[in-house]
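Here's the letter readout for the chains.
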Amino acid sequence: MPKKRPTVKKKAASPKQRHVHEFEGSTQLAETGADRHNHRFAGVTGQAIRVGKTHVHEIDFERTDFLDHFHNLRRIRTGPAIPVGNGKHVHFVTGRTTLVDGHVHPFKFATLIEAPLV
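Residues numbered from 1 in each chain as written. Predicted model: local features only at pLDDT ≥ 70, side-chain atom pairs only at ≥ 80, totals over all residues. Heavy atoms only, no water.

Caption draft 1: Representation of the overall build of the chain in the model. What the chain contains, in helices and strands, is 0 helices and 9 strands. For the chain, the α and β elements follow one another from N to C terminus as β-β-β-β-β-β-β-β-β. Residue pairs at least 24 apart in sequence account for 45% of intrachain contacts in the chain once pairs closer than 6 positions are excluded. With an accessible surface of roughly 8800 Å², the chain has 54% of that area assigned to carbon and sulfur atoms. (Helix = DSSP H or I, 4+ residues; strand = E, 2+ residues; numbered from the N terminus. Contact = heavy atoms within 4.5 Å. Areas by Shrake-Rupley, 256 points an atom, 1.4 Å probe, with all protein chains shown as cover.)

Here it is as C-alpha cells:
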C-alpha cells in the first residue's frame, strides 16, 4: 500500500502593494494672540488608488504635534501623480485638519518621491 503524502495547505496570497509615499508638512497658523500656533506632521500615505490614467493616495493620519492638543488629517486625498523625471513622481496635497479646540488648520504640501532609492 503506497504511503499517503501529507496535505500541504497553500497560504493565501498577500495583497500586492502598489506603492506609497512618505510625507511631511506643517499646517498654516490658526488662532490669534498668544494662542496663535501651527502643527507639524509626518507619515506615509495609503496605497495607490487608480483614477483614470493616473492615481491618488488617501491620507488618514492621527495626532499632529503640539503641547496641549492634537489635530487629525482625515480622509484627505492627494492630487494626481506629478512626474519629476526618471519615471518618478510626487503628489500635491491640500486640505484642513479636524476641528479641535474651536479651530482648524489649512495645509499644503507635496509628498516625497515614491521609492527614492529604487
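Caption draft 2: Up close: the sheet that holds strand S9 (residues 106-110). What the 3 strands build is an open sheet, ordered S7-S8-S9; its pairing is antiparallel. Taken across any chain shown, the strands that pair with only one partner, and hence form the sheet edges, are strand S7 (81-85) and S9. Along the sheet, successive strands turn relative to each other by an average axial angle of 20°, direction set aside. Summarising the sheet, S7 and strand S8 (residues 88-96) pair through 4 bridges and their orientation is antiparallel. Paired with alanine 81 across the two strands is histidine 91, which belongs to S8. (Pairing = 2+ DSSP bridges. Axes fitted to C-alpha atoms, helices over the stretch in contact; angles between N-to-C directions.)

Caption draft 3: Quick peek at the side chain of histidine 89. Looking at where histidine 89 falls in the secondary structure, it is placed in strand S8. Take histidine 89: its relative accessible area is 9%, and that puts it in the buried class. For histidine 89, the side chain forms a polar contact with the side chain of histidine 21, separated by 3.1 Å. When residues no more than four places from it in sequence are discounted, the contact partners of histidine 89 are His19, His21, His55, Ala81, Ile82, Pro83, Val84, Leu112, Ile113 and Glu114. (Buried < 20%, exposed > 50% of the residue type's maximum accessible area, 1.4 Å probe, protein only. Polar contact = N/O pair within 3.5 Å; in protein donor to acceptor, adjacent residues only side chain to side chain.)

Caption draft 4: Region of interest: the pattern of salt bridges. Tallying each qualifying case throughout the model produces 4 salt bridges. Put simply, arginine 74 and aspartate 60 hold a salt bridge, and the shortest N to O gap is 2.7 Å. In this pair, arginine 74 sits in strand S6 (residues 73-77) while aspartate 60 sits in strand S5 (residues 58-61), placing the two residues 14 residues apart along the sequence. Overall, arginine 74 belongs to the partly exposed group, its relative accessible area being 29%. A relative accessible area of 49% places aspartate 60 in the partly exposed class. Arginine 74 serves as the salt-bridge partner of glutamate 62, at 2.9 Å between the closest nitrogen and oxygen. Within this pair, whereas glutamate 62 is found in the loop between S5 and S6, its partner arginine 74 is found in strand S6, the two being separated by 12 residues in sequence. In the salt-bridge network here, residues are joined through shared partners; they are Asp60, Glu62 and Arg74. (Salt bridge = Lys/Arg side-chain N within 4 Å of Asp/Glu carboxyl O.)

Caption draft 5: Structural detail: the packing of aromatic side chains. According to the stated counting rule, one finds 7 aromatic pairs in the structure shown. Ring geometry for phenylalanine 23 and phenylalanine 61: centres 5.9 Å apart, planes at 75°, overall edge-to-face. Note that phenylalanine 23 is positioned in strand S1 (residues 22-26) and phenylalanine 61 in strand S5, a separation of 38 residues in sequence. By relative accessible area, which is 15% here, phenylalanine 61 ends up buried. Between phenylalanine 41 and phenylalanine 61, the ring centres sit 6.4 Å apart and the planes meet at 55°, which makes this aromatic pair tilted. (Phe/Tyr/Trp six-rings, centres within 6.5 Å; stacked < 30°, edge-to-face > 60°.)

Structural measurements only, silent on function.
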